[in-house]
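Spelled out from the first residue to the last, the chains are:
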Amino acid sequence: MVMEGLSLSHLRELESESIYVIREVAAQFERPCLLFSGGKDSIVLTHLAKKGFWPAKIPFPLLHIDTGHNFIETIEYRDNLVKELGVQLLVGSVQQSIDQGRVVEETGYNASRNVLQTVTLLDTIETCKFDAAMGGARRDEEKARAKERFFSHRDEFGQWDPKNQRPELWNIFNGKKKMGEHFRVFPISNWTEMDVWQYILLENIPMPSLYFTHQREVFNRDGVWLAAAPFMKLRPGEKVEVRTVRCRTIGDISCTGLTLSTADSLEDIIAETAATRVTERGSRFDDKRSEAAMEDRKKEGYF
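The model shown is predicted, which means the values in this text are computed figures rather than measured ones. (Residues numbered from 1 in each chain as written. Predicted model: local features only at pLDDT ≥ 70, side-chain atom pairs only at ≥ 80, totals over all residues. Heavy atoms only, no water.)

## Here we look at the side chain of R184
Step number 1: In this structure, R184 sits in strand β6 (residues 182-185).
Step number 2: Salt bridges are absent for the buried R184, whose nearest opposite-charge side chain, E148, sits at 6.9 Å.
Step number 3: A distance of 3.0 Å separates polar atoms of two side chains, one belonging to R184 and the other to H182. (Helix = DSSP H or I, 4+ residues; strand = E, 2+ residues; numbered from the N terminus. Buried < 20%, exposed > 50% of the residue type's maximum accessible area, 1.4 Å probe, protein only. Lys, Arg positive; Asp, Glu negative; His and termini not counted. Salt bridge = Lys/Arg side-chain N within 4 Å of Asp/Glu carboxyl O. Polar contact = N/O pair within 3.5 Å; in protein donor to acceptor, adjacent residues only side chain to side chain.)

## Remarks on the side chain of R138
Step number 1: On the secondary structure map, R138 appears in the loop between β4 (132-134) and β5 (151-154).
Step number 2: R138 sits in the buried class, given a relative accessible area of 1%.
Step number 3: Polar side-chain contacts of R138 include one of 2.8 Å to the side chain of D41.
Step number 4: At a separation of 2.9 Å, a polar atom in the side chain of R138 contacts the side chain of D140.

## Some remarks on the sheet that holds strand β8 (residues 224-227)
Step number 1: Spatially, four strands are ordered β7-β8-β10-β9 in a closed barrel, and the strand pairing comes out antiparallel. Between one strand axis and the next, the sheet turns through 70 degrees on average, direction left out of account.
Step number 2: Here three bridges tie strand β9 (residues 241-247) to strand β10 (residues 257-260), and the two strands are oriented antiparallel to one another. Paired with C247 across the two strands is L258, which belongs to β10. (Pairing = 2+ DSSP bridges. Axes fitted to C-alpha atoms, helices over the stretch in contact; angles between N-to-C directions.)

## With respect to the environment of P167
Step number 1: With respect to the secondary-structure elements, P167 resides in the loop between β5 and β6.
Step number 2: Its relative accessible area of 58% is what places P167 among the exposed residues.
Step number 3: Sequence spacing of P167 and F150 is 17 residues, and the spatial spacing of their C-alpha atoms is 9.9 Å.
Step number 4: Excluding anything up to four places from it in sequence, P167 contacts R149 and I172. (Contact = heavy atoms within 4.5 Å.)

## Observations regarding the packing of helix α2 (residues 40-53) against helix α6 (residues 193-203)
Step number 1: At a closest axis distance of 11 Å, the pairing of α2 and α6 adopts a crossing angle of 50 degrees. Put simply, α2 runs oblique to α6. The hand of the α2/α6 crossing is left-handed. Contacts from K40, D41, V44, H47, L48 and K51 of α2 reach α6 at E193, V196, W197, Y199, I200 and E203. (Parallel < 35°, antiparallel > 145°, perpendicular 65-115°, else oblique. Left-handed = near helix turned anticlockwise from the far one by under 90°.)

## Side note on the sheet that holds strand β2 (residues 62-66)
Step number 1: A sheet is described by the order of its strands in space; here six strands give the open sequence β3-β2-β1-β4-β6-β5, paired in mixed fashion. Each having just a single partner strand, β3 (89-93) and β5 make up the two edges of the open sheet. Direction aside, the axes of adjacent strands within the sheet are offset by 30 degrees on average.
Step number 2: Inspection of the sheet shows β5 paired to β6 by four bridges, in the antiparallel sense. Bridge pairing in β6 places S152 opposite R184.
Step number 3: Running over the sheet, α2 touches β1 (32-35), β2 and β4 and is turned about 140 degrees from β1.

See the structure below:
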């Protein structure tokens, strides 16, 4: 697929803005990190960091909060990427948080470790003394994320106040904070899902196989296709079947909805994204818990 001039110019402007934000983080904070989930947004963010400091290595570690219920393909991709880039990888374990009694594992049909990540993340930030954590969240994903600034202040408890945010006129970012506070920073805030996929195509960024069509054992729950796994408890009437699917967004297996799809190339994914009328997070099962599920979690310290 050949990029049109307008699209190419648009992507380069987004790239420039994001690299500027990443460099601001490196300049303003003493111990920043990059939150890496193995999803397309964190992969693009890592690629931007690589370009932003080339030929030097990325000057901060990647931080992965491991639920213990990740797709195998995600972990393999993460480990290969870290080895290729020669960067430091730090892993916060939700299983360890459970074992230490910091969180209580959910039970029942809708049990998920996704929400439990918040405590693990905040504990890891505190232990490692990170003062800024960059993430790949975008404003077009969800209503709560649309409220975020590039530099999003978190108080000493790691909580976010959507009504108390700092102005960011002319891309001037205020990273001043008190002892114990930190910032979440979102360099690709202004990107859309389509921008991300077009940029991946433009830069020829390798992606996890999960994003492309493949056959997998799945089951349908309330209109969402979920991957079958030993820890996924089936309701009466639910049955496992093999379908041709792909991931549109990747997270904990328990909440990652799968899309019925035959898209086996980046061009196919871009065409499919252009045609869909379902939002990207429309297939995320964890967002269906309540109307304000994401905002409530973000206030508590979620990504």
